[in-house]
Each structure stands twice: as C-alpha cells, then as structure tokens.
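# Observations on the model geometry
One-letter residues, chain by chain:
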2 protein chains.
Amino acid sequence: MADLDVVGIGNALVDVLSRESDAFLTAQRLTKGAMQLVDEGRAAELYAAMGPAMEVSGGSAANTIVGVASFGGRAHYVGKVRDDQLGEVFRHDLAAVGVGYSTAPATTGPSTGRCLIVVTPDAQRTLTTYLGASVHLGPADVDRALIERAGILYLEGYLFDPPEAQRAFRTAADMAHAAGRKVALTLSDPFCVDRHRAAFRELVERHVDILFANEVEIRSLYEAADFDAALQQARRHCAVAALTRSELGSVVAAGDEIHAIDAHPVAQVVDTTGAGDLYAAGFMVGLSRGLDLATCGRLGSLAAAEVISHVGARPQTPLVELARGLP
Amino acid sequence: MADLDVVGIGNALVDVLSRESDAFLTAQRLTKGAMQLVDEGRAAELYAAMGPAMEVSGGSAANTIVGVASFGGRAHYVGKVRDDQLGEVFRHDLAAVGVGYSTAPATTGPSTGRCLIVVTPDAQRTLTTYLGASVHLGPADVDRALIERAGILYLEGYLFDPPEAQRAFRTAADMAHAAGRKVALTLSDPFCVDRHRAAFRELVERHVDILFANEVEIRSLYEAADFDAALQQARRHCAVAALTRSELGSVVAAGDEIHAIDAHPVAQVVDTTGAGDLYAAGFMVGLSRGLDLATCGRLGSLAAAEVISHVGARPQTPLVELARGLP
C-alpha cells in the first residue's frame, strides 16, 4: 500500500531573488518569463549585476512537494545538492515542513545549483539557472522501494536537460508504473519543451497519467495555433491534463470530462514564481484524497494564489489552513 | 578632506529568518526582542527547530552602512566573513548597493557568521547569533587611510563581544579622532550593554561623539529607572545622543538642544529587524550633509519606517527616493 501521497524528482536549486527593472532584462539579454540555462561563469556575471538579493530554497518539483506537505500530504523529494552551505539550506527547508529527503549530497564537483530570479515590477519572474550539483542526479539516486511507496510520482520537465537526470526520470517512471502507481509530469517551461519536444510527446502519449502545463507550454508541445487546439490534443493523449492560464484560471480535462476552473482571487500579485508548482501541489493533494477533478483544480488555484501573493516560491501560510476556507 | 560620509565596522553576519509563534520562543528558551550569542552547536540545534527560512545579508552596522548608501551617501564597511558561500552572499549584497568593502575574508577557521532571526506575529524579532568568522576581525583589518577618509566612523556595540573585534574597535576610534573625525556608537542590545557597561560608559564619556541607543539600552547603560532619567545622563555625557523609542518616536539631545521626533507612519509593521540600524543611517546622512538635528532625526525615522514595513533588515526601496517626499 502507498504510504506516501507524492514523491517528486527534480533539479535541486536555491533561488536567488532580486527586484529589477525591465531595462535590466534588456541589458542582460534575458527573455521575460522564461528559464535559461547558463554555465557557472555566466551565472556569476549575472549575479554580479543583480541588486541585493535574498536566498530561499527553490527547485520546481521541490516547491511542489513542499506544497503537498503544506496541505498536510505525505511527501518525499529526490534531487541532488552538494555538501555545501546552500545545500544545507535546501535540506533544512525540506525537513522544516516535514518532507522526506534522503538523496546523498555530492561530495565533489560543482556547488549546489542556483536559480537567479529577477522579479520585474509587473510581478513576472525571469529565471536563469546554473544547475551545479543537480546534473549529478542519476538513476542510482532513484530508490525503487521509495517510488513504490507513493501513489503519485511527480517529475519536472527540467530534468530532461541534464542527461543523467533524464535517465533517472525514465528509471523512476518505469518503476512507478511497474508498481501500479500514477506518473505526473509538468512541462516546466516552453523553451524546455522546445528542446525536448519529441521525447515529451512520446512520454505524454505512453507514460504520463497526469500532465501539468501552462498555456504556452502545451501550445509548444503540440505546436498549436491556439489554446483550444492544444487542449484537444492533450485530451486525446493523456488520462488527466491540468492546463493553467494565469488569471484566466485553468482547464482540467480527462477524456470527455472537462472543467473550467476560475483563478482564486488575489489581493495583489507580488511575484509569480512558483505559481505552476503550487497549482500542481494542490491538484495532486486532491487526487490523493480521491476528490473530484473540479475540486482538485480549485485546490491548485488556491495554492497558486497563496504563492503569488508574496516573494518566493514556497507557501508562507500553511495551505491546510487556507483549504479549510474552501466551500 | 573626507571623501566618504561613513565607515562602519561590525560583525559581518548573514540573517536566517523564519516566522514562528510565541510558543516557539518559550520552547527554545529565547528572550523576545533580545540578541543571544551561541556556539555553533546551539546554532545548529536552533536552526534545525526553525521552520523554512530565508537568507539575507545582515549585521547591524552593515545594515546601517547599506542604509547610508541607499540615501545616496558614500559609505564603506569593515567586517570579517569566511571565503564560503554565505560570505560571497554578504559581499555581493554590499557591492550591489555601492558600499565599499575590502576586508579580506578568513581562509581558515569558522564559517561566515549567522544571525538566526525568529519573527513572531507581533512583528518583534528575536536574535540568536553565531559569530563564526567575525570573531577574527582584528586591529590588522583596520586601515588608517580608510578611517581618515570618512567624516564619521560608526561602530556597533556588538563588537565588544569578540575580544579581537573590541581591539579593532578601539584602534579605529583612536585613528578617527587623531584625524579629527567623529565617532558614532550604537549600543546594539541591552544584554550587550549589561556585559560591557563599564567599558561603554567610559567610551561614551571620553570617545563617542554621536550615541545611538533605544530606550532599553540607554536605561541599561545608566541603570536608570525611567527614560527621562537616562536622557538626562546621556545629555551630560555625549555631544549628540539619538535615543529611539519605537512607536513613541525618538529624542535627539545635544546639550541644551533637545528635539522630540515623531515616528514616521507605517501602514503595517511586518518585521522590526533593522529599525535601529536604519534610524542611525538616516541620522548620519543628515549630519554628513550639515542638516539640523531635527531633520537628521526625521531622516532616521523615515528609514526605520521603510525597513519595518517588510521582512529583512535592509531597505527594499531606495531611501533617496523616499527622502524626496519629506517636507
């Protein structure tokens, strides 16, 4: 029997956030809203140009897993840091919310990965990632007994960038299916989809039970002219697709069952970092409890609304408390 | 001629902030609002008990110096980190606001110092400091040419805890006076005053031109029954005393000249960390520009109001912009 709700696997990163003007993005040749992979030298150059920053634990799947725990779900994370100070910060912040985390840190090689996040006055976030130690995540870090313990295996698309992590991803997905577990995937980023479109399509058709994507990502996956065209493709190819559209809410599709879920109201959008990550958290918590798909979507919207109302990609108010206020 | 407004010397720390309940303070035997020094083992134990945290550069005098730069002042900082990741974070965040910082990092010994900050629902902050590499700051780190360049030398009382740093403090004060510069001191913390009362009294009488203290600290210094009794002592002993009283505002005294300055209005007090540090920044910027003492106090109140309106002890809005709104 599954004694965990969700096991998530992802690139383990510490976020380094600063607020900058749009002119900063232009000067640094950054594409607003996207994630760009860079080497250590370019990361150091961009960091030097950034204003005073704050450091908070991040990583897309890690944010989701923390969200699951914040709802009171039982969650575990797999991802690679180094045995350095930022790795210790990452480890602390998982333990502090009750997330299991047992991946051995790298003891040699690059330092803990970092995601440099520039937040512009429109609350949009632009990501520049130095993967660091997370490139060393590999199949050996995937523990079959752990994967079998969780009802849902959650994988981030970003894992496709480092080759060893992609192998870990496929290994874990095979283990989960062999044990009769569900496999969930988030497409992560439109440029990530561009880099791996054929592989993602094949995955979604054959190996993914629950797909998370925002509008730009799902359109990129199917090279679709508009959202509805992408939606019709997604319906054909995966059991459950949860497609997010920022302030337009989300659409949840499972074959002939389709729900249009409103965005949860937010007093002020401060920083959109983590919106998709937390939507996935709420949605999977709902699935784990056997709730109907519309309620799963509403839990996703609730969690996303919390995380965009402040700086940083992890909840600052226990989501289990906010969920009590839902009708 | 002085080409710098302020040089500050202090314990170089990275702040680790989490929000906790009052029960957490009780369980961890922490005194609300105070600063407690601990060793590495106790710091690790407390960190393990704390919830998810964010890391931001801190250090009392460093916060003040960043505030001076944020007003457009010319400022330099002296303090010791190690050559590790948190040391790099500390260095980046000074450079990012244009503060000069040339103290060589320690290459052996303890890691960069940390201040574990627990913020309770009343916005009060409770500090637990592991000094780490900052204990290695010593007289050799004090550069006479640098001290002579600044109109004001700003020293934090916390420097009295590590013996070598106390020697650095005295060395710098002597250099400043020999060059005809002003020496400013903040008493930092009532327990710090308790630990070093005799030395602080002697300093204030003989070596300090500008004294910063909050109500609890100044009463502790003179073991005074109430604020007014402490004020009358402070008037006798230092050329300028700027005494802060939270929402009651501040009192600025210079011999027979006394001003009662209102607190600057704040929509919501979120985290009081850095209030005193930023008050000192505004006040010294005013002095550097030859403004009258009441205006110096108002600049201090303005800066303190900015920093208590968000989490973290460094300004998030350029103070030079806020100062334009003053009458």
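Remember, predicted model here, so these are calculated numbers, not experimental data.

Cut-offs applied
- Residues numbered from 1 in each chain as written.
- Chains lettered and ligands numbered in written order.
- Predicted model: local features only at pLDDT ≥ 70, side-chain atom pairs only at ≥ 80, totals over all residues.
- Helix = DSSP H or I, 4+ residues; strand = E, 2+ residues; numbered from the N terminus.
- Rg over C-alpha atoms; globule rule 2.2 N^0.38 Å.
- Contact = placed C-beta atoms within 7 Å.
- Least-squares fit on C-alpha atoms with pLDDT ≥ 70 in both.
- Nonpolar A, V, L, I, M, F, W, Y, C, P; charged D, E, K, R; others polar.
- Pairing = 2+ DSSP bridges.
- Axes fitted to C-alpha atoms, helices over the stretch in contact; angles between N-to-C directions.
- Expected span 1.5 Å × (residues − 1).
- Buried ≥ 20, exposed ≤ 12 C-beta atoms within 10 Å, placed from the backbone.
- Parallel < 35°, antiparallel > 145°, perpendicular 65-115°, else oblique.
- Left-handed = near helix turned anticlockwise from the far one by under 90°.
- Right-handed = clockwise from strand over helix to strand, strands pointing away.
- Core = buried A, V, L, I, M, F, W, Y, C linked by C-beta atoms within 7 Å.
- pLDDT = per-residue confidence, 0-100.

With that out of the way, let us pick up the overall build of chain A. The number of helices and strands found in chain A is 13 helices and 14 strands. In terms of overall size, chain A behaves like a compact globule, its C-alpha atoms giving a radius of gyration of 18 Å where 327 residues would be expected to give roughly 20 Å. The principal-axis extents of the C-alpha atoms in chain A amount to approximately 50 × 40 × 40 Å. Across chain A, contacts joining residues at least 24 apart in sequence account for 77% of those joining residues at least 6 apart.

Superposing chain B onto chain A takes a rotation of 180 degrees combined with a translation of 0.0 Å along the rotation axis, leaving an RMSD of 0.0 Å. Read as a symmetry element, the transformation amounts to a two-fold axis. Taking C-alpha positions as reference, the residue of chain B nearest the rotation axis is Glu-55 of chain B, located at 2.5 Å.

Let us look at the interface of chain B and chain A. Accessible area lost on assembly of the parts is the figure often given for the size of an interface. Counting residues at the interface gives 20 residues for chain B and 18 residues for chain A. Of all the secondary structure elements, the ones that give two or more residues to the side of chain B that touches chain A are β4 (54–57) and α4 (85–95) of chain B. In terms of residue count, the dominant contributor to the side of chain B that touches chain A is α4 of chain B (five residues). By residue class, the composition of the side of chain B that touches chain A is ten nonpolar, six polar and four charged.

Moving on: the sheet that holds strand β12 (residues 240–244) of chain A. Residue and element names in this part refer to chain A. Judged by pairing direction, the sheet is mixed, and its nine strands sit side by side in the order β6-β5-β1-β9-β10-β11-β12-β13-β14 without closing on themselves. Among the strands making up the open sheet, the edge pair consists of β6 (100–101) and β14 (257–261). For strand β5 (residues 75–78) and β6, the ladder comprises two bridges, and the chain directions are parallel. Opposite His-76, over in β6, you have Gly-100 as the bridge partner. Packing of helix α3 (residues 60–70) onto the sheet brings it into contact with β1 (4–9), β5, β9 (150–156) and β10 (182–186), and relative to β1 it is tilted by some 165 degrees. Docked against the sheet, helix α6 (residues 163–178) engages β1, β9 and β10, running at close to 160 degrees with respect to β9.

The subject of this paragraph is helix α11 (residues 275–288) of chain B. Residue and element names in this part refer to chain B. Over its 14 residues, α11 extends 20 Å from the first C-alpha to the last, a length consistent with the 20 Å expected when each residue adds 1.5 Å. Among the 14 residues in α11, 14 count as buried, and that is most of the element. Positioned one or two residues after α11, Gly-290 has a phi angle of 70 degrees, which is positive.

Attention now moves to the packing of helix α3 (residues 60–70) of chain B against α11 of chain B. Each pair of packed helices can be summarised by the angle the axes make with each other and by the distance between the axes. Residues and elements named next belong to chain B. One can describe the packing of α3 onto α11 by two numbers: an axis separation of 8 Å at closest approach and a directional angle of 40 degrees. One way to sum up the angle between α3 and α11 is to call them oblique. The two elements α3 and α11 meet at a crossing, and its hand is right-handed. In this structure, α3 contributes Ser-60, Asn-63, Thr-64, Gly-67 and Val-68 to the contact, and α11 contributes Asp-277, Leu-278, Ala-280, Ala-281, Gly-282, Met-284 and Val-285.

Residues and elements named next belong to chain A. Among the five residues that make up strand β11 (residues 210–214), five are buried, leaving the element largely enclosed by the rest of the structure. Sheet analysis places β10 next to β11, joined by three bridges and oriented parallel. Following the sheet pairing, Thr-186 is matched in β11 by Phe-212. Of the pairings in the sheet, the one linking β11 to β12 comprises five bridges and is parallel in character.

Pairing in this open sheet of nine strands is mixed, and the strands run β6-β5-β1-β9-β10-β11-β12-β13-β14 (chain B) from one edge to the other. The open sheet has two edge strands with one neighbour each: β6 (100–101) and β14 (257–261) of chain B.

On to the pairing of strand β5 (residues 75–78) of chain B, then. Residue and element names in this part refer to chain B. Both faces of β5 are covered, namely the face carrying Ala-75 and Tyr-77 and the face carrying His-76 and Val-78. Across four bridges, strand β1 (residues 4–9) lies against β5 in parallel orientation. Within the sheet, the bridge partner assigned to Val-7 lies in β5 and is His-76. Chirality of the crossover, the property in question, places the unit of β5, α4 and β6 among those that are right-handed.

Generally speaking, nonpolar side chains in soluble globular proteins are found buried as a group. Counting residues in each nonpolar core, the largest one holds 209 residues, and the members touching the most others are Leu-153, Leu-155 and Met-284 of chain A together with Leu-153, Leu-155, Ala-172 and Met-284 of chain B. If we skip the residues at most four places from it in the chain, Leu-155 of chain B touches Ile-9, Phe-169, Ala-172, Ala-173, Val-183, Ala-184 and Leu-185 of chain B.

What follows concerns the packing of α11 of chain B against helix α12 (residues 293–308) of chain B. All names here are of chain B. Contact geometry for α11 and α12: axes closest at 7 Å, N-to-C directions at 145 degrees. The chirality of how α11 crosses α12 is right-handed. Here α11 contributes Ala-275, Leu-278, Tyr-279, Ala-280, Ala-281, Gly-282, Phe-283, Val-285, Gly-286 and Leu-287 to the contact with α12, which in turn contributes Thr-295, Cys-296, Gly-297, Leu-299, Gly-300, Ser-301, Leu-302, Ala-303, Ala-304, Glu-306, Val-307 and Ile-308. Grouping the constituent residues of the contact of α11 with α12 by class yields 15 nonpolar, six polar and one charged.

So, on to the confidence of the model for chain A. Here chain A shows a mean pLDDT of 95. Residues at 70 or above account for 99%. Interface confidence in the predicted complex, given as ipTM, is 0.90; pTM for the same model is 0.93.

This paragraph deals with the environment of Ala-145 of chain A. Considering the arrangement of structural elements, one finds Ala-145 of chain A in helix α5 (residues 144–149). The spacing of Ala-145 of chain A and Pro-52 of chain A is 93 residues in sequence and 43 Å in space, taken between C-alpha atoms.

Moving on: the environment of Tyr-158 of chain B. All names here are of chain B. Counting through the fold element by element, Tyr-158 comes out in the loop between β9 (150–156) and α6 (163–178). The spatial distance from the C-alpha of Tyr-158 to the C-alpha of Gly-59 is 9.6 Å, given a sequence separation of 99 residues. Once residues within four sequence positions are removed from consideration, Tyr-158 is found in contact with Gly-10, Asn-11, Ser-60, Ser-188, Asp-189 and Cys-192.

Next up on the list: unusual backbone geometry. All names here are of chain A. We note that Ala-123 has phi near 75 degrees; this positive angle belongs to a residue other than glycine. Assignment of secondary structure puts Ala-123 in the loop between β7 (113–119) and β8 (125–130). Ala-123 gets classed as partly exposed once you count the C-beta atoms within 10 Å, which come to 18. A positive phi angle is found at Ser-188, which is not glycine, with a value near 75 degrees.

All names here are of chain A. Looking at the element boundaries, Leu-116 is found in strand β7. Residues Leu-116 and Arg-19, 97 residues apart in the sequence, show an inter-C-alpha distance of 11 Å. Sequence-distant contacts of Leu-116, that is, excluding residues within four places in its chain, are made with Val-16, Ala-43, Leu-46, Tyr-47, Met-50 and Thr-128.

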